[in-house]
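Structure assessment
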Amino acid sequence: MGKIYIIDVTNRDGVQTARLGLSKLEKTMVNIYLNEMGVYQSEFGFPTTKHEIYYLRSNLELAKMGVLKPIRLGGWIRATTHDVETAFKYVPEIKHLNISISTSEQMIQGKFLGKKNRSDIIQMMIDALETARTKGADSVGVNAEDASRTDLDYLIKFGSAAREHGASRLRYCDTLGYDSPFTIYETVKAIAEKVGLPIEIHCHGDLGMAVANSIAGAKGAIDGGQDAYINTTINGIGERAGNADLVATVLAITKSKGFEGKYELGMPIDLSKSWEISKFASYAFDVPIPINQPGVGANAFAHASGIHADGVIKDPQNYELYSYSELGRGDPEMVETGTEICAGEYGGISGFRHVMGKIEVEFSDTEDADRILTLVRYANVESQKPLVEKELLFIAKYPDIAKQLLTLRPLDTP
Ligand SMILES: [Zn+2]
């Protein structure tokens, strides 16, 4: 029986969301958190976008050093030969790619404006896929953008061509959040059966069904005889109404009626990191966690009504499906209410030593401290907010990588 794997796309779909973004250091921290949690792959960015290059290269270096291991780092590009060549020119070490092209009649007509037909789309995808394989990609996922509005026979033809030319997976993109659990189950099952490739499920929340559709799609893939790869983002941050929330999706897979113990994760996810990763993403994106967010919202384990409170005191299982401790919650949170020293972009050595001393980082000499302080200042310039402990520790531990990450020298500009 097939298994379910998580491919988190916060560093791609999340950061391309209107009004939101992450610094390169914050993107790196997201990869570190995802790796600690046991996520199979992080779609870590755009290898054809110049300002991403140093970040992507340094994260691949972290992978080589064993810091980002076993997580796989996959880049996202358009399915064109030009994009594949550019990706390998800028990031020669990249090993995993997802290549994307629109497949619905709406988008073929509405985006290519009569310049491409259905066969052209398949040919473009094949050319890009073959180029990626030739250039040394270990895995290539082929994305059918707007798959939920694509004619099923054409989608199967598209997927079969991808399989014949060496694709590792087919990504079924419900780009507009148009599917329901009923439709996505049937469609993905048919594709899995007929195409014979593992299926990625990429869902959006425009109709409030991103998580439900994701697990229904995964069930379709598995019932069709294939592995399923669900695309998530932390806190569901993504285009428009967002994507399938990482924590909620894992909870749905492991706790929901009829799913638990039957449709299982291929790699265990450490749910006890949920609280930490959600809080970090909320801080880094500067988007509060909704009070009623599954698992990590302030009210997820709060009870006020008499009957519920009484029930939960007698036995939490009366009104709680899972425990807060499973999600890494329960420790009291310390909030500074007195004098506080923050490491900022205009900070000095004395304040910096104080901040680092609190998290037990020691420097060999003043030169060493100065060097790390400079990097922390640059990180602050980029993020415009005090760095969290984990970021400070990262910079102190990997100053050379941090230096690369924080390099924002425009490439190839006249
Ligand atoms: Zn998307």
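Scroll up to find the structure this text is about.
Given the structure is predicted, the values throughout are model-derived calculations rather than measurements.

1. Digging into the pairing of strand S4 (residues 96-102)
- For S4, a buried count of seven out of seven residues is recorded, marking the element as mostly surrounded by other parts of the structure.
- Burial along S4 is two-sided: the face carrying His 96, Asn 98, Ser 100 and Ser 102 and the face carrying Leu 97, Ile 99 and Ile 101 are both buried.
- Bridge analysis of strand S3 (residues 72-78) against S4 gives five bridges, and the strand direction is parallel. Bridge pairing in S4 places Trp 76 opposite Asn 98.
- In this region the chain leaves S3, passes through helix H4 (residues 81-90) and returns to the parallel neighbour S4; the handedness of that crossover is right-handed.

2. Examining the coordination of the zinc ion
- The zinc ion binds to the protein through Asp 13 (OD), His 202 (NE2) and His 204 (NE2), with metal-donor distances spanning 2.0 to 2.1 Å.
- Taken in sequence order, the residues that donate to the zinc ion follow the motif D-x188-H-x1-H. Here His 202 lies in strand S7 (residues 199-203) and Asp 13 lies in helix H1 (residues 10-14), a separation of 189 residues in the sequence. Both residues of the pair, Asp 13 and His 202, belong to the buried class.

3. A short note on the packing of aromatic side chains
- According to the stated counting rule, one finds eleven aromatic pairs in the structure shown.
- A ring pair is formed by Phe 44 and Tyr 55, whose centres lie 6.1 Å apart and whose planes are at 50 degrees; its orientation type is tilted. Linking Phe 44 in strand S2 (residues 41-45) with Tyr 55 in helix H3 (residues 53-64), this pair joins segments that are eleven residues apart in sequence.
- Assessed through its relative accessible area of 0%, Tyr 55 is described here as buried.
- Between Phe 301 and Tyr 322, the aromatic rings sit 5.8 Å apart at their centres with planes inclined by 85 degrees, giving edge-to-face as the arrangement. In this pair, Phe 301 sits in the loop between helix H11 (274-285) and helix H12 (306-314) while Tyr 322 sits in the loop between H12 and helix H13 (349-358), placing the two residues 21 residues apart along the sequence.
- With relative accessibility at 14%, the residue Phe 301 sits in the buried group.
- Taking NZ or CZ as reference, Arg 118 lies 4.8 Å from the ring centre of Tyr 154, over its face.
- The cationic tip of Arg 169 hangs over the ring face of Tyr 229; the distance from NZ or CZ to the ring centre is 5.1 Å.

4. With respect to helix H5 (residues 105-112)
- Within the sequence span of H5, burial applies to Met 107, Ile 108 and Phe 112. Around the axis of H5, the buried residues are gathered within 100 degrees of arc, so they sit on the same side.
- Buried-residue contacts for H5 involve S4, helix H6 (118-134), strand S5 (139-145) and helix H7 (152-164).
- Immediately beyond the C-terminal end of H5, within one or two residues, lies Leu 113, with a positive phi of roughly 50 degrees.

Conventions used here
- Residues numbered from 1 in each chain as written.
- Predicted model: local features only at pLDDT ≥ 70, side-chain atom pairs only at ≥ 80, totals over all residues.
- Heavy atoms only, no water.
- Buried < 20%, exposed > 50% of the residue type's maximum accessible area, 1.4 Å probe, protein only.
- Helix = DSSP H or I, 4+ residues; strand = E, 2+ residues; numbered from the N terminus.
- Pairing = 2+ DSSP bridges.
- Right-handed = clockwise from strand over helix to strand, strands pointing away.
- Donors = N, O, S within 2.8 Å, 3.2 Å for Na, K, Ca; no water.
- Phe/Tyr/Trp six-rings, centres within 6.5 Å; stacked < 30°, edge-to-face > 60°.
- Lys NZ or Arg CZ within 6 Å of the ring centre and 35° of its normal.
- Arc of directions from axis to C-beta.
- Contact = heavy atoms within 4.5 Å.

Keep in mind these numbers describe shape, not what the thing actually does.
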